Each structure stands twice: as structure tokens, then as C-alpha cells.
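Tertiary structure, described
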Amino acid sequence: MTSYEAIMRAVNPAFPPTGEQRLVIESDAPAILVVAGAGSGKTATMANRIAYHVARGVVRPDEVLGLTFTRKAAGELALRVESSLAAVRRAGLMPAAPE
């Protein structure tokens, strides 16, 4: 099983998540509400959480729903998730697709 550290290094090696963000990313809860101020890393944390759980084979990308309050935030989240999943793929950490 791929480690948290390996996945986060692949996704964004320059800015590792904080301890609080790590708790959100690694949580096995099926849904989490993340409330924090502007610029606190909510979007990055959501994208990292999705990449983490996809890389570990817990969910497939098409099984994830990320909700935000604005269309602008939704667009930014979609771009970051796409980028995070691409980084996981490039690092060879994406599980094989089921047949």
C-alpha cells in the first residue's frame, strides 16, 4: 500500500500539508466538512484528500464529489484535483483500473 508521504511528495513536494490538513486527508470518514478562512489551504487539502484516497485504491476518481460554495472555487478544485491525480499517475502510484 502506498504511503501518505509518498503520495504527498508526488502531489506537491514543496508544500507538505500541516498536521491539521493531514488529519483531514487521511481520514476514513466518507464525508468531511472543512471550514477555514481564505488562503488557509482548503482547496489544496480537498485535492490532496482525493488524490490520497484514489492512490490508495479506496475510491475511483469518478466516485468522488467535492462541494464548494462558489463556481470559481469549484473550477479551482477541479483543476487541482486533475493536477494532483496526474502527479500521482506520473509517480506510478495510481492503482490499476479494475477490469
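Here the structure is shown first, and the text comes after it.
Residues numbered from 1 in each chain as written. Predicted model: local features only at pLDDT ≥ 70, side-chain atom pairs only at ≥ 80, totals over all residues. Heavy atoms only, no water.

Overview of the packing of aromatic side chains
Counted according to the given criterion, the structure contains one aromatic pair. Taking the centre distance of 5.8 Å and the plane angle of 65° together, the rings of Tyr4 and Tyr52 count as edge-to-face. Taken as a pair, Tyr4 in helix H1 (residues 4-11) and Tyr52 in helix H3 (residues 42-55) lie far apart in primary sequence, 48 residues in all. Judged by its relative accessible area of 7%, Tyr4 falls in the buried class. (Phe/Tyr/Trp six-rings, centres within 6.5 Å; stacked < 30°, edge-to-face > 60°. Helix = DSSP H or I, 4+ residues; strand = E, 2+ residues; numbered from the N terminus. Buried < 20%, exposed > 50% of the residue type's maximum accessible area, 1.4 Å probe, protein only.)

Looking at the pattern of salt bridges
The final tally for this structure, using the stated rule, is five salt bridges. The partner of Arg22 in a salt bridge is Glu5, and the shortest N-O contact between them spans 3.1 Å. Here the residue Arg22 occupies a position in helix H2 (residues 19-26), and Glu5 occupies one in helix H1, the gap between them amounting to 17 residues. For Glu5, a relative accessible area of 38% gives the class partly exposed. Here Glu63 ties to Arg60 by a salt bridge, and the two come within 3.3 Å at their closest N and O atoms. By relative accessible area, which is 46% here, Glu63 ends up partly exposed. For Arg60, a relative accessible area of 38% gives the class partly exposed. Three or more residues are tied together by salt bridges with common partners; here these are Glu5, Arg22 and Glu26. (Salt bridge = Lys/Arg side-chain N within 4 Å of Asp/Glu carboxyl O.)

Some details on the side chain of Arg49
Positionally, Arg49 belongs in helix H3. Look at Arg49: it is buried, it has no salt bridge, and the nearest opposite charge is Asp28 at 6.9 Å. Excluding its chain neighbours within four sequence positions, the residues that come into contact with Arg49 are Val24, Ile25, Ser27, Ala29, Pro30, Ala31 and Ile32. (Lys, Arg positive; Asp, Glu negative; His and termini not counted. Contact = heavy atoms within 4.5 Å.)

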